[in-house]
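# Structural features, examined
What follows is the residue order along each chain.
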Amino acid sequence: MAVEICVKAAVGAPDILGDCPFSQRALLTLEEKKVPYKRHLINISDKPQWFMEISPEGKVPVVKFDDKWVADSDVIVRIIEEKYPEPSLTNPPEFASLGSKIFPSFVNFLKSKDPNDGTEQALLEELKALDEHLKTHVQTNLKHRYPF
């Protein structure tokens, strides 16, 4: 039986996937793991009654696993990973914090009034570290998984 998932529809276009990164994350996880699913696009401005019954807070995404509706993209992705472990989409522990300093470095750079305070260099170093990691690990894995 296919998994059911309720996600945000585009504003003004109820038949098109909307701009909700949480919905997109859950959908991408299902796609990457090749899990069959039935998608329900939800107009956030005019939520159907049946949707409000399964998601009283009116939030998306919501996924039905074993006759139980589950909210919260973090929880949803974790359950998908547990139920469908291959291919694994979890980061190895040694890479768990990779990139975690990019956003704070970016914010510091944007707020900076002094071009010589080191915030630009700090941001560039964080971005370079991420770039090097991607070149080393991700490209190799992608070529292995997608040989075209």
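Remember, it's a predicted structure, so these values are computed and weren't measured experimentally.

Basis of the calculations
Residues numbered from 1 in each chain as written. Predicted model: local features only at pLDDT ≥ 70, side-chain atom pairs only at ≥ 80, totals over all residues. Heavy atoms only, no water. Core = buried A, V, L, I, M, F, W, Y, C linked by side-chain atoms within 4.5 Å. Buried < 20%, exposed > 50% of the residue type's maximum accessible area, 1.4 Å probe, protein only. Helix = DSSP H or I, 4+ residues; strand = E, 2+ residues; numbered from the N terminus. Contact = heavy atoms within 4.5 Å. Polar contact = N/O pair within 3.5 Å; in protein donor to acceptor, adjacent residues only side chain to side chain. Pairing = 2+ DSSP bridges.

Residues Ile5, Val63, Phe65 and Ile76 are the most contacted members of the largest nonpolar core, which totals 13 residues. Sorting the residues of this core by element identifies β1 (3-10), α1 (21-32), β4 (62-65) and α3 (73-83) as the ones contributing at least two each. Not counting chain neighbours up to four residues away, the residues in contact with Ile5 comprise Ala26, Leu27, Leu30, Tyr37, Lys38, Arg39, His40, Pro61, Val62 and Val63. Cys6, Cys20, Phe51 and Val62 belong to the second largest nonpolar core, which has six residues in total.

Position of Asp72 relative to the elements: it lies in the loop between β5 (68-71) and α3. You can call Asp72 partly exposed: its relative accessible area is 41%. Residues Asp72 and Phe109, spaced 37 residues apart in sequence, show a C-alpha to C-alpha distance of 32 Å. Polar contacts involving the side chain of Asp72 include one to the main-chain amide nitrogen of Asp74, which spans 2.8 Å.

Quick look at the environment of Ala96 now. Looking at where Ala96 falls in the secondary structure, it is placed in the loop between α3 and α4 (102-111). For Ala96, a relative accessible area of 59% puts it in the exposed group. Counting along the chain gives 32 residues from Ala96 to Lys64, while the straight-line C-alpha distance between them is 28 Å.

Moving on to the side chain of Thr29. Looking at the element boundaries, Thr29 is found in helix α1. A distance of 2.8 Å separates the side chain of Thr29 from the backbone oxygen of Arg25, its partner in a polar contact. Leaving out residues up to four positions away in the same chain, Thr29 has contacts with Val77, Ile80 and Leu89.

A regular strand places its side chains so that they alternate between the two faces of the sheet. Here β4 pairs with β5 via four bridges, running antiparallel. From the neighbouring strand, Phe65 faces β5, where its bridge partner is Lys68. The hairpin turn running from β4 into β5, its antiparallel successor, is two residues long, and Asp66 in that turn takes a positive phi close to 50°.

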